[in-house]
Amino acid sequence: MPNIQMTTLPRPDHRSGPPLLRETLGTVLRGLRGDSGRTLRDVADAARVSPGYLSEIERGRKEASSELLASISGALDVSLGEILIRAALEVSPPGTVSLPDAVAEPVLAA
């Protein structure tokens, strides 16, 4: 019998380099949900999305539309802007992004 050696290839989602935005957004959303002590089902119901789909978003497997991100942010009682800022800080190289104190105040167009 021939000697067959198995080789494990890396999965496509385990590449080197910076994380994808969908992965970072998922990590931010999962962290916010965990910080609030809410379950996946609770947030999914409030956002009007299936728990399975929300789980896929949190794991970075699915892209969330802007409408869905807004719905999830509302369900988490966190502004969409805060979610995006947290994601931006995560994907930016250390020391390249600094937020002025004015970021805490919303800027509204007149």
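Just above sits the structure.
These numbers come from a predicted model, not from an experiment. (Residues numbered from 1 in each chain as written. Predicted model: local features only at pLDDT ≥ 70, side-chain atom pairs only at ≥ 80, totals over all residues. Heavy atoms only, no water.)

J.: Explain helix α1 (residues 21-36) here, please?
T.: Residues separated by three or four positions in an α-helix point in the same direction, a consequence of the helix having 3.6 residues per turn. Helix length check: α1 (16 residues) gives 22 Å between terminal C-alpha atoms against 22 Å at 1.5 Å per residue, within 8%. Buried within α1 we find Glu23, Thr24, Leu25, Gly26, Val28, Leu29, Leu32 and Arg33. Here the buried face of α1 lies against α2 (40-47), α3 (51-58), α4 (66-75) and α5 (80-91). Of the residues flanking the end of α1, it is Gly37, one or two places downstream, whose phi is positive at about 75°. (Helix = DSSP H or I, 4+ residues; strand = E, 2+ residues; numbered from the N terminus. Expected span 1.5 Å × (residues − 1). Buried < 20%, exposed > 50% of the residue type's maximum accessible area, 1.4 Å probe, protein only. Contact = heavy atoms within 4.5 Å.)

J.: Where do I start with the pattern of salt bridges in this structure?
T.: Here the idea is simple: oppositely charged side chains can pair when their charged atoms come close. Under the criterion given, the structure shown has six salt bridges. Between Arg30 and Glu58 there is a salt bridge, with its nearest N and O atoms 3.1 Å apart. One end of the pair, Arg30, is in helix α1; the other, Glu58, is in helix α3, and 28 residues separate them in sequence. The partly exposed category is assigned to Arg30, whose relative accessible area is 36%. Two residues, Glu82 and Arg86, come together in a salt bridge whose shortest N-O distance is 2.7 Å. In this pair, Glu82 and Arg86 are both assigned in helix α5, four residues apart and thus about one turn of the helix distant. Salt bridges sharing common partners tie together Arg30, Arg33 and Glu58. (Salt bridge = Lys/Arg side-chain N within 4 Å of Asp/Glu carboxyl O.)

J.: How do you make sense of the side chain of Ser55 when you look at a structure like this?
T.: Note that Ser55 resides in helix α3. Ser55 gets classed as buried once you look at its relative accessible area, which sits at 16%. Contacts of Ser55, omitting those with residues within four sequence positions, involve Arg30 and Leu40.

J.: What should I look at first to understand a nonpolar patch on the surface in this one?
T.: On the surface, Ile85, Leu89 and Val97 cluster together to form a nonpolar patch covering roughly 200 Å² of accessible area. Mapped onto the secondary structure, Ile85 falls in helix α5. (Patch = residues over 30% accessible without salt bridge, like charges linked within 9 Å, V, L, I, M, F, W, Y side chains within 5 Å. Areas by Shrake-Rupley, 256 points an atom, 1.4 Å probe, with all protein chains shown as cover.)

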